[in-house]
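# Breakdown of the fold
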Amino acid sequence: MTIPIAWTAAREAVFTAAQSRIPKASESVPLAEADGRTLAEPLVTLTDLPAFPTSSVDGWAARGPAPWRIAGRVLAGDTAAPLTEDGTCVEIATGGMVPAGTTVVVRIEDSSTTDGLVSGEPRKLPDWRRQGEEAAAGEELLAAGTPVTPGVIGLAASCGYDTLACRALPKAAVLVFGDELLTAGPPGQGRVRDALGPSVPSWLRRAGASVAAARGPVADTLDAHVAALQEAVDSGAQLICTTGGTMHGPVDHLHPALAELGARYVVNTVAVRPGFPMLVAQLPGGQFVAGLPGNPQSTFVALVSLVLPLLAGLAGRQRPELSTVTLGADVPGRGDFTHLALVTLVGGRAHPVGHVGSAMLRGLAGSVGFAVIPPGGEGHAGDVAQLVPLS
Ligand SMILES: Nc1nc2c(c(=O)[nH]1)N[C@H]1C(S)=C(S)[C@@H](COP(=O)(O)OP(=O)(O)OC[C@H]3O[C@@H](n4cnc5c(N)ncnc54)[C@H](O)[C@@H]3O)O[C@H]1N2
Ligand code: MOO
């Protein structure tokens, strides 16, 4: 019998294996389309930030001691002429370029104007931003491998980029196994609806993969399994997710198909409940096969447990960090296995949900993620637990 590997060790093994397959080529992606991608190169600012001294208030940019004669006006977007004489100032708008020669910026509400002469007191902290105070031209702001978020896109635009060099999206394929599956209409008479063909590609897209519609149900024969896996390889997929057939029943053909294709296991069964028969194998061409168990909740456990670190590794990102939550109620352990317990947040605390059988999706559909109860332990209300988000 195969001995299950510990959940944390399985995640690490998969992440490390995927890191050796980071694509070399990068793609130039317009900023507005780059959300969810991964930086292929460090983000280096093209200019000082800010690129010129900038007023942070509406008021006066003045030179020397008050009172100041008004010599002009600088609105945001203008180029400011220098203040060449003490006792002069310009009216300035928030975002306006502070003229060379300025010694103080005074807020409009801290000033008074009489006979064209302005007086006022600057605040203790300067009300203008020095050129380059956020970053100097050429400075690295973000490392290669950083996930591109709306914040990263905004920063890239601020420092002069129109496009970003991004890693190619990992290409994935999904194969659904199981002759009992119906792809339309209500289940009954021994047939169940395929819950995974429509949902696994959606999950993969959110996790940063490019993926076509699932293929299946693939016929429950060894030849059909081998042919479907080979076809996915030929389509250029770097990651093939299969659902079902991970056990050793009469029509479970995944393991024999992997053997026939010369695959090597990275992880073969994991000490986690639910979902322990999950696996990741690597084909001779380097492609990964993630064998997701057929019970639908277990499929999602395998996605968040193994496919998430695998995709992070393939994109050259950091290993996924888990956040923590405070438990709002007791959660049982699962002996020597890690327990991934579906939870929802109530008043900021994680509460276990009902309907969490591994064949069910009712509990999962209303949950934020899985609280992690480590092997040999149990969770108590008030304990802090790691949280694996569902998306
Ligand atoms: N003798 C044993 N049998 C089983 C054990 C065990 O320890 N000893 N473990 C059970 C566990 S745990 C799991 S999980 C499943 C894993 O089985 P497979 O990955 O081989 O999956 P299947 O047998 O193909 O299907 C299991 C179950 O899930 C339903 N299913 C499959 N695909 C879908 C789909 N796309 N949409 C909806 N439902 C699906 C399928 O009809 C079965 O009911 O093995 C247990 N058996
Ligand atoms: O672990 Mo199975 O994956 O319990 O349904």
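Quick notes on the rules
Residues numbered from 1 in each chain as written. Chains lettered and ligands numbered in written order. Predicted model: local features only at pLDDT ≥ 70, side-chain atom pairs only at ≥ 80, totals over all residues. Heavy atoms only, no water. Helix = DSSP H or I, 4+ residues; strand = E, 2+ residues; numbered from the N terminus. Contact = heavy atoms within 4.5 Å. Axes fitted to C-alpha atoms, helices over the stretch in contact; angles between N-to-C directions. Left-handed = near helix turned anticlockwise from the far one by under 90°. Nonpolar A, V, L, I, M, F, W, Y, C, P; charged D, E, K, R; others polar. Pairing = 2+ DSSP bridges. 1 Å grid on protein atoms, 1.4 Å probe; cavity = no way out; pocket = protein on both sides within 12 Å on 5 of 7 lines; lining within 4 Å. Points joined across faces, edges and corners; volume = space filled by probe spheres on them. Domains from an automatic or database assignment.

Position of His-255 relative to the elements: it lies in helix α5 (residues 254–260). Those residues in contact with His-255, other than ones at most four positions away along the chain, are Thr-246, Met-247, His-248, Tyr-265, Asn-268 and Leu-279.

For the pair helix α3 (residues 199–206) and helix α6 (residues 296–314), interaxial distance at closest approach is 11 Å and the crossing angle is 35°. Relative to α6, α3 is oriented so that their crossing is right-handed. Of the residues in α6, those touching α3 at Ser-199, Val-200, Trp-203 and Leu-204 are Thr-299, Phe-300, Leu-303, Val-304, Val-307, Leu-308 and Leu-311. Split by residue class, the contact of α3 with α6 holds nine nonpolar, two polar and no charged.

Right, let's talk about the sheet that holds strand β7 (residues 88–92) for a bit. Read from one edge to the other, the open sheet built from six strands follows the order β8-β5-β7-β6-β10-β9, with strand pairing classed as mixed. Each edge of the open sheet is held by one strand with a lone partner, namely β8 (104–107) and β9 (111–114). Averaged over neighbouring strand pairs, the angle between their axes works out to 40° when direction is ignored. Two strands pair when backbone bridges link them, and strand β6 (residues 68–74) and β7 are joined in this way by five bridges, in the parallel orientation. The residue bridging Arg-69 from the neighbouring strand is Thr-88, located in β7.

A word on the environment of Ala-71. For Ala-71, the location among the structural elements is in strand β6. Placed 20 residues apart in sequence, Ala-71 and Glu-91 show a C-alpha to C-alpha distance of 8.2 Å. Leaving out residues up to four positions away in the same chain, Ala-71 has contacts with Thr-88, Cys-89 and Val-90.

On to the layout of surface pockets. Roughly 590 Å³ of internal volume is contained in the largest pocket. Lining the largest pocket are 29 residues, and of these Arg-206, Ala-207, Gly-208, Leu-308 and Arg-317 lie nearest its centre. Sorting the residues of the lining of the largest pocket by element identifies α3 and α6 as the ones contributing at least two each. Per element, the largest residue contribution to the lining of the largest pocket is four residues, and it comes from α6. Here the residues of the lining of the largest pocket sort into 15 nonpolar, six polar and eight charged. When residues are assigned to domains, the lining of the largest pocket turns out to be shared by domain 1 (5–23 + 168–315) and domain 2 (27–48 + 144–167), each giving three or more. A volume near 430 Å³ is recorded for the second largest pocket. Lining the second largest pocket are 21 residues, and of these Phe-177, Glu-180, Leu-181, Gly-244 and Gly-294 sit closest to its centre. Where the lining of the second largest pocket is concerned, the elements lending two or more residues are β14 (171–177) and β16 (192–193). Split into classes, the residues belonging to the lining of the second largest pocket amount to nine nonpolar, seven polar and five charged.

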